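The primary structure of each chain is shown beneath.
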Amino acid sequence: MDNSLKGLILAAGVVITCIVVGLGFYISREAKNTSSGGISQITKMNGEYQDINKTMYDGIKVSGREVVEAVKKYENEIKGGVFSIVVYTGMRNLTSPGIIFQSNQYDIAKIKEKKSEYYVNPDGNFLGETFLDQNGVVTMMTFVQQ
């Protein structure tokens, strides 16, 4: 009887060990799935946070001074060709309705020259708008003089 009791205790120990190991694998698999979901949410939030400085111009009126500052602020992205700013001023005619700041095709100094066709009046009022690509990344901003 002594041997049969030891056998039952050994069998119970093996069963309990298998249950504990199985629970460990189950918990680690669930933790991995949860952390993967959390990482994707953090990545998404990080992308939204990076564009928040650009989307703050969407639908609000800003001064010409702020338009010039926005062009300066995003100058590196504009030069890199990943971002564009279009400014529609009252000085342009209908065949050429906007100032396009895109790639290396612009001279930022001209937006401050009063006699330039690219002049942005610092006291003017502009309505900002942002445009997103299919991935939800802001790729263009427009400012329309009011």
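Conventions we followed
Residues numbered from 1 in each chain as written. Predicted model: local features only at pLDDT ≥ 70, side-chain atom pairs only at ≥ 80, totals over all residues. Heavy atoms only, no water. Helix = DSSP H or I, 4+ residues; strand = E, 2+ residues; numbered from the N terminus. Buried < 20%, exposed > 50% of the residue type's maximum accessible area, 1.4 Å probe, protein only. Contact = heavy atoms within 4.5 Å. Areas by Shrake-Rupley, 256 points an atom, 1.4 Å probe, with all protein chains shown as cover. Salt bridge = Lys/Arg side-chain N within 4 Å of Asp/Glu carboxyl O. Arc of directions from axis to C-beta. Phe/Tyr/Trp six-rings, centres within 6.5 Å; stacked < 30°, edge-to-face > 60°.

## Regarding the overall build of the chain
Part 1 of the argument: Counting secondary structure elements, the chain contains three helices and five strands.
Part 2 of the argument: Shown N-terminal to C-terminal, the secondary structure of the chain runs as helices and strands in the order α-β-α-α-β-β-β-β.
Part 3 of the argument: Sorting the 146 residues of the chain into buried and exposed places 25% on the buried side.
Part 4 of the argument: Counted over contacts in the chain with a minimum sequence separation of 6, partners at least 24 positions apart contribute 54%.
Part 5 of the argument: As displayed, the chain has an accessible area near 10,200 Å², and 59% of this comes from carbon and sulfur atoms.

## Quick look at the pattern of salt bridges
Part 1 of the argument: Overall, the coordinates contain three salt bridges when judged by the stated rule.
Part 2 of the argument: D123 is paired through a salt bridge with R65; the nearest N and O atoms lie 3.4 Å apart. Of this pair, D123 sits in the loop between β3 (99-102) and β4 (125-132) while R65 sits in helix α2 (residues 64-73), placing them 58 residues apart in sequence.
Part 3 of the argument: The closest approach of N and O atoms between K72 and E69, which form a salt bridge, is 3.9 Å. Taken together, the residues span about one helical turn, with K72 and E69 both in helix α2 at a distance of three residues.
Part 4 of the argument: When its relative accessible area of 44% is taken as the criterion, E69 is described as partly exposed.

## A word on α2
Part 1 of the argument: If you check which residues of α2 are buried, you get G64, V67, V68, A70 and V71. Along the axis of α2, the buried residues cluster in a sector spanning 155°; they form a single face.

## Concerning the packing of aromatic side chains
Part 1 of the argument: If you walk through the whole model with that rule in mind, you get two aromatic pairs.
Part 2 of the argument: Consider the rings of Y57 and F143, whose centres lie 5.5 Å apart with planes at 85°: the pair is edge-to-face. With Y57 in the loop between α1 (2-55) and β1 (61-63) and F143 in strand β5 (residues 138-145), this residue pair connects regions lying 86 residues apart in the sequence.
Part 3 of the argument: Summarising the aromatic geometry, the rings of Y74 and F83 are spaced 5.5 Å apart at their centres and angled 65° between planes, so their arrangement reads as edge-to-face.

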